[in-house]
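Below are the chains, spelled out letter by letter.
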Protein chains: 2
Amino acid sequence: MSKALKFELLHKDYKSKARRGRITTPHGVIESPVFMPVGTQATVKAMKPESVGDTGAQIILSNTYHLMLRPGSDIVREAGGLHEFMNWHKPILTDSGGFQVFSLGHMRKITEEGAIFSSHIDGSKHMLSPEKSIEVQNDLGSDIMMAFDECAPPNASRDYIAKSQERTTRWLKRCIEANRNPDTQALFGIMQGGFYRDLREESAEAIVELDLPGYAIGGISVGETKEEYIGVLEYAPDLLPSDKPRYVMGIGTPDYIFEAVEHGVDMFDCVEPTRIARHGVATTSQGRISIKNAKYERDFSPLDPECDCYTCRNYSRAYIRHLYKAGETMSHMLLSEHNLRFLSKLSEDIRKSIEEDRFMELKREFYSKYYADK
Amino acid sequence: MSKALKFELLHKDYKSKARRGRITTPHGVIESPVFMPVGTQATVKAMKPESVGDTGAQIILSNTYHLMLRPGSDIVREAGGLHEFMNWHKPILTDSGGFQVFSLGHMRKITEEGAIFSSHIDGSKHMLSPEKSIEVQNDLGSDIMMAFDECAPPNASRDYIAKSQERTTRWLKRCIEANRNPDTQALFGIMQGGFYRDLREESAEAIVELDLPGYAIGGISVGETKEEYIGVLEYAPDLLPSDKPRYVMGIGTPDYIFEAVEHGVDMFDCVEPTRIARHGVATTSQGRISIKNAKYERDFSPLDPECDCYTCRNYSRAYIRHLYKAGETMSHMLLSEHNLRFLSKLSEDIRKSIEEDRFMELKREFYSKYYADK
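The notes below deal with the structure included here. Throughout this document, residue positions are counted from 1 along each chain, in the order its sequence is written. All chains are assigned letters beginning with A, and all ligands numbers beginning with 1, in the order in which they are written. pLDDT decides what is reported in this predicted model: residues at 70 or higher carry local features, side-chain atom pairs at 80 or more are listed and counted, and totals for whole chains, interfaces and linings draw on all residues regardless. To get the side-chain values, all heavy atoms of the structure are used, and hydrogens and water are removed first.

1. Some thoughts on a negative patch on the surface
Then step 1. On the surface, Glu166(A), Glu202(A), Glu205(A) and Glu209(A) cluster together into a negatively charged patch.
Then step 2. To qualify as a helix, a DSSP run of H or I must reach at least 4 residues; to qualify as a strand, a run of E must reach at least 2; elements of each kind are numbered from the N terminus. As for its position among the elements, Glu205(A) is in helix α8 (residues 197-208). Patches here are clusters of residues that have more than 30% relative accessible area and form no salt bridge, with a 9 Å joining cutoff for like charges and a 5 Å cutoff for nonpolar side chains (Val, Leu, Ile, Met, Phe, Trp, Tyr). Shrake-Rupley sampling with a 1.4 Å probe provides the accessible areas, and residues are treated as covered by the protein chains on show and by no other component. By salt bridge we mean one thing: a side-chain nitrogen of Lys or Arg within 4 Å of a carboxyl oxygen of Asp or Glu. A residue counts as positive if it is Lys or Arg and as negative if it is Asp or Glu; His and the chain ends are not included. Taken as the charge location is NZ of Lys, CZ of Arg, CG of Asp or CD of Glu.

The following block contains the structure:
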């Protein structure tokens with residue numbers, strides 16, 4: 001059993017595979033299912049960490065690729081680790097950097113050793129390997145580290161995906177070996193295999209055998225259709241041990257969250273709530289609204305009448321629209337805080353519904369309002 | 001006596017003209033001398049109002065010109081006034097819009113009636129007159145309103161300045177007439193007259209006769225040298241009644257503040273602390289620092305070791321430098337909060353020094369550290 005992370009399965013929903021769990025880390029307890037806001041560059045964009053905490057966030061995600069390139073993980077280590085550096089003292093999960101190497105880096109070359117890429121910032125050449133990814137994540141001092149994997153393109157051939165998935169397992173073993181802090185930093189493995197059930201089964205079998213403290217289902221939040229996403233969810237979580245947390249990376253819309261939870265997933269993250277905030281979009285219990293819209297010019301009601309967040313308690317749509325039109329940072333601050341609270345509150349509602357065996361009812365009720373206009 | 005504003009002169013410094021005062025407004029008490037942060041577009045840029053308050057700010061300034069054009073003062077009025085609209089419940093001072101018409105507007109024409117200008121936002125044509133300025137400020141509901149004046153260009157002829165100053169007095173009388181809320185919104189007059197002492201005396205005599213609740217010394221924060229600025233300060237405050245607050249608009253560097261206070265000024269404002277913050281500059285007890293500088297890359301000390309602000313309590317120079325280099329809004333948030341706290345703390349120190357008759361000693365001590373590198 002991992003000393004760095006403990007998972008307790010508190011309750012299983014009666015009519016779905018939804019699970020109510022509790023994850024204990026060196027920086028505190030996380031009640032699951034849990035949505036994790038993203039602080040890519042050691043900051044959740046346009047928010048103080050206290051404001052992030054006020055939304056109900058229990059854990060944030062930060063990005064190894066970005067922090068390795070800037071400011072450099074040695075600086076974060078010298079600062080006393082990422083928690084200290086960014087003034088966030090609750091749990092942190094770091095990704096492996098793999099996904100960004102494949103999506104942001106240039107001139108990459110993948111070998112058995114790792115990936116060679118050029119920085120998107122200054123073009124400088126770097127190598128990311130299982131050992132290097134874990135070294136950086138050890139420097140950052142995150143509570144949960146992700147194994148370095150290749151997220152194969154969704155349009156890759158079956159043969160490529162099979163080979164890539166096998167390499168991901170070999171890389172996972174090197175990650176385990178490389179972890180300098182197994183007692184304080186829990187390493188999660190990542191299941192790959194694309195949309196091929198037999199490859200997913202092979203992947204799961206290989207990584208479960210390594211008895212890691214948690215597992216992610218990789219490669220289903222990028223480029224897939226919602227049907228393909230649900231298709232994998234229908235069997236993939238069951239391939240993972242029920243006494244370990246299960247994580248789907250990069251999802252953050254209510255419908256994707258409901259589907260993940262319904263199929264037994266405990267953790268998810270996404271940049272979307274803060275990204276759409278910067279484009280003037282708020283997620284509300286009645287669906288999304290674009291604050292630019294002229295109809296909000298004299299709308300003195302809050303973004304979401306059902307929301308209890310700082311933004312909705314203190315500001316009107318008319319004010320936020322004014323800020324957005326005037327190019328004021330405060331519009332990003334207020335919309336980001338609301339959007340994060342929306343997903344934290346949704347997670348709270350989901351947890352309560354599981355405890356009360358009415359998760360599917362919650363899903364129905366939520367959809368009936370959220371999609372009322374559709 | 002004005003019902004909207006009360007001024008108490010609590011103590012006069014023994015060795016200078018510095019005054020310790022107290023201004024009471026409908027939204028609360030202001031201890032003077034006081035620095036007022038600027039929230040141009042109904043927001044102090046990149047700061048929540050709670051954070052502005054945390055820096056010790058007692059009153060903020062907001063801009064009539066900007067709010068009249070966007071979102072429109074009718075919308076602010078319908079929202080319940082500016083305090084409610086922007087969630088700042090302490091005192092607010094609004095300027096008249098005059099200065100921005102002359103600095104930001106295009107194709108302007110000045111007549112006895114007022115100023116015709118084109119919006120810097122969309123080119124639309126507008127008129128700002130004494131009546132219109134007060135109407136907008138009444139809509140905004142500020143505690144202190146400024147009279148609509150012409151801030152004549154510093155290079156204008158003596159003849160022009162003399163005529164402009166006389167018109168400013170005629171405009172002031174129209175402002176007084178136009179004020180719908182004399183019991184809740186105090187109107188300040190503005191002394192003009194350029195760098196001509198006799199014109200300043202004429203201006204002061206004319207506006208003091210109108211027995212307003214406070215007075216500003218206009219036209220000395222733009223385009224003048226520091227010698228010209230001090231030259232006017234040496235006689236101008238004495239031309240104003242000692243039992244009314246005195247305000248110099250648009251100053252916010254420590255040396256300009258010290259000079260103003262030394263000569264009997266009670267109030268001042270400036271966009272500079274938040275503007276330089278967005279360019280990565282912090283004001284500290286040891287002078288200004290540019291956080292971009294490579295020497296801060298591994299500097300884990302706070303921006304200013306003597307500062308007690310949120311930023312200095314929780315973040316290092318290395319972290320703020322990282323945020324700034326990475327283009328993160330959080331760098332603006334943290335630097336703005338520090339820079340505002342710096343000037344609020346300076347004001348606190350100044351007030352205490354006046355109470356203890358050691359203002360000139362404080363000035364000397366402050367300069368010896370602030371300019372140590374110069």
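2. As for the packing of aromatic side chains
Then step 1. Pairing of aromatic rings covers Phe, Tyr and the six-membered ring of Trp, with a centre-to-centre limit of 6.5 Å; geometry is then stacked below 30 degrees between planes, edge-to-face above 60, and tilted otherwise. One pass over the structure, following the stated rule, counts 30 aromatic pairs over all chains.
Then step 2. Judged by centre distance (5.4 Å) and plane angle (15°), the rings of Tyr315(A) and Tyr319(A) are stacked.
Then step 3. In this scheme, a residue with accessible area under 20% of its type's maximum is buried, one over 50% is exposed, and one in between is partly exposed, where area comes from a 1.4 Å probe on protein chains only. For Tyr315(A), a relative accessible area of 4% translates into the label buried.
Then step 4. Classification of Tyr319(A) as buried rests on a relative accessible area of 1%.
Then step 5. Seen from their ring centres, Tyr229(B) and Tyr256(B) are 4.2 Å apart, and the 25° between their planes marks the pair as stacked. Taken together, the residues Tyr229(B) in helix α9 (residues 226-233) and Tyr256(B) in helix α10 (residues 254-262) connect sequence positions 27 residues apart.
Then step 6. Exposure remark for Tyr229(B): the relative accessible area of 0% places this residue in the buried category.
Then step 7. In textbook terms, an aromatic cluster arises when at least three aromatic residues are bridged by ring pairs, as seen for Phe258(A), Phe342(A), Phe359(A), Phe366(A), Tyr367(A), Tyr370(A) and Tyr371(A).
Then step 8. The rule is short: NZ of Lys or CZ of Arg within 6 Å of the ring centre and within 35 degrees of the ring normal puts a charge over the ring. One residue, Lys48(A), lies across the ring of Tyr310(B), its end atom 3.9 Å from the ring centre.
Then step 9. We note Arg158(A) situated over the ring of Tyr196(A); from NZ or CZ to the ring centre the distance is 5.3 Å.

3. Observations concerning the pattern of salt bridges
Residues and elements named next belong to chain A.
Then step 1. Per the counting criterion, the structure on display carries 64 salt bridges over all chains.
Then step 2. One salt bridge in this structure joins Arg20 and Glu355, with 2.7 Å as the shortest N-O distance. Here the residue Arg20 occupies a position in strand β2 (residues 19-25), and Glu355 occupies one in helix α14 (residues 329-355), the gap between them amounting to 335 residues.
Then step 3. Through salt bridges with shared partners, a single network forms among Arg20, Arg22, Glu31 and Glu355.

4. Considering the interface of chain B and chain A
Then step 1. Taken together, the contact between chain B and chain A spans 37 residues of the former and 37 residues of the latter.
Then step 2. Using a 1.4 Å probe, buried area is obtained as the accessible area two parts lose upon being combined, added over both of them. The contact between chain B and chain A buries some 3,300 Å² in all, and 54% of this surface belongs to carbon and sulfur atoms.
Then step 3. Its largest share of buried area at the contact with chain A, chain B owes to Lys48(B), His322(B) and Glu328(B), together 18% of the area lost on that side.
Then step 4. For the pair chain B and chain A, the number of links is 8 salt bridges.
Then step 5. Among the salt bridges present, the one from Glu337(B) reaches Lys48(A), with a minimum N-O distance of 2.7 Å.
Then step 6. N or O atoms within 3.5 Å of each other form a polar contact, as long as, within protein, one can give a hydrogen and the other can take it, and as long as residues adjacent in sequence are counted only when both atoms are side-chain atoms. In this structure, the connection of chain B to chain A is made through 24 residue pairs in polar contact (both at pLDDT 80 or more). Residue contacts are counted whenever heavy atoms from the two residues lie within 4.5 Å of one another.

Take it as geometry only, folks, not as evidence of what the structure does.
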